[in-house]
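# Remarks on the overall topology
Here are the chains, one letter per residue:
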Amino acid sequence: VNPDYEVGDLMILSDHINLIPNPLIGSNISALGPRFPDMSEPYCKNLITKAENIAKKNKLDIKKGVYVALTGPTLETPSEYKHMRIIGGDTVGMSTAPEVIVARHMNIPCFAISVITDLGVPGKIQKVSHEEIQKVAEKTEPNLTLIIKELIASI
């Protein structure tokens, strides 16, 4: 939904907006973490910096932004894309945020990166299938894998 992004771009998540039911609803398991975990830094700044340096070293253009998590399993309408941009999102997807919430609940540092597979920008919205989205992700996979492998090696 960010007009500066193009299909095939990689975006490091700096934050998210979770519009999926919170995975911590219900009885808390105190051994795993506190009832109200802090979410002021969902994504580890140190890991983000390392990934940005890896991308720069390998001459890979990388974006950084806010991921909006929705339940799916539908792709968004033009009005939903507009709404996601208005509320501060750069990308939209159907995962990641609930997993990060659980990991942060357990005090596990998190890093996430997304592939921009289609555009939710007025004038650029096109009919797209899940198969087409997967093909874009497959094409971008080598750069994503390079960043993740080097990031893991640096830890």
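Located above this text is the structure these notes cover.
The shown structure was predicted, so the numbers you read here are calculated from the model rather than taken from an experiment.

### Regarding unusual backbone geometry
Here the bond from Gly72 into Pro73 is cis, since omega is 0°, no more than 30 degrees from zero. Note that Pro73 resides in the loop between strand 2 (62-69) and helix 2 (78-86). The phi angle at Thr96 is positive, at roughly 75°, despite the residue not being glycine. Relative to the helices and strands, Thr96 is located in the loop between strand 3 (91-93) and helix 3 (97-105). At Asn107, a position not held by glycine, the phi torsion is positive, near 65°. Among the secondary structure elements, Asn107 is positioned in the loop between helix 3 and strand 4 (113-115). With a relative accessible area of 60%, Asn107 lands in the exposed category.

### With respect to the sheet that holds strand 1 (residues 10-18)
Read from one edge to the other, the open sheet built from 4 strands follows the order 3-2-1-4, with strand pairing classed as mixed. Looking at the sheet topology across the chains shown, the edges are occupied by strand 3 and strand 4. Between one strand and the next, the sheet's axes are offset by a mean angle of 50°, whatever the strand orientation. Here strand 2 runs beside strand 3; their pairing, made up of 3 bridges, is parallel. Counted as the bridge partner of Ala69 is Gly93 from strand 3.

### What about the side chain of Thr140?
Position of Thr140 among the secondary structure elements: in helix 4 (residues 130-154). Taking relative accessible area as the criterion, Thr140 reaches 7% and is therefore assigned buried. The contact partners of Thr140, leaving out residues within four places of it in the chain, are Gly8, Leu10 and Val115.

### Concerning the nonpolar core
Ile12, Tyr43, Ile62, Phe111, Ile113 and Ile147 are the most contacted members of the largest nonpolar core, which has 30 residues in total. Among the elements that make up this core, the one with the highest residue count is helix 1 (residues 45-57) (5 residues). The contact partners of Ile62, leaving out residues within four places of it in the chain, are Leu10, Ile12, Ala55, Ile113 and Ile147.

### Examining the environment of Glu138
The residue Glu138 is located in helix 4 in this model. The exposure class assigned to Glu138 is exposed, which follows from its relative accessible area of 56%. Along the chain, Glu138 and Ile87 lie 51 residues apart, while their C-alpha atoms are 29 Å from each other.

### Observations regarding the pattern of salt bridges
Tallying each qualifying case throughout the model produces 5 salt bridges. As a salt-bridge pair, Glu150 and Lys57 come within 2.7 Å of each other at their nearest N and O atoms. With a gap of 93 residues between them, Glu150 in helix 4 and Lys57 in helix 1 connect regions that are remote in the sequence. Glu150 sits in the partly exposed class, given a relative accessible area of 23%. Accessibility expressed as a relative area gives 57% for Lys57, which makes it exposed. Lys63 serves as the salt-bridge partner of Asp61, at 3.4 Å between the closest nitrogen and oxygen. Note on Asp61: relative accessible area 53%, which makes it exposed.

About the cut-offs
Residues numbered from 1 in each chain as written. Predicted model: local features only at pLDDT ≥ 70, side-chain atom pairs only at ≥ 80, totals over all residues. Heavy atoms only, no water. Helix = DSSP H or I, 4+ residues; strand = E, 2+ residues; numbered from the N terminus. Buried < 20%, exposed > 50% of the residue type's maximum accessible area, 1.4 Å probe, protein only. Pairing = 2+ DSSP bridges. Axes fitted to C-alpha atoms, helices over the stretch in contact; angles between N-to-C directions. Contact = heavy atoms within 4.5 Å. Core = buried A, V, L, I, M, F, W, Y, C linked by side-chain atoms within 4.5 Å. Salt bridge = Lys/Arg side-chain N within 4 Å of Asp/Glu carboxyl O.

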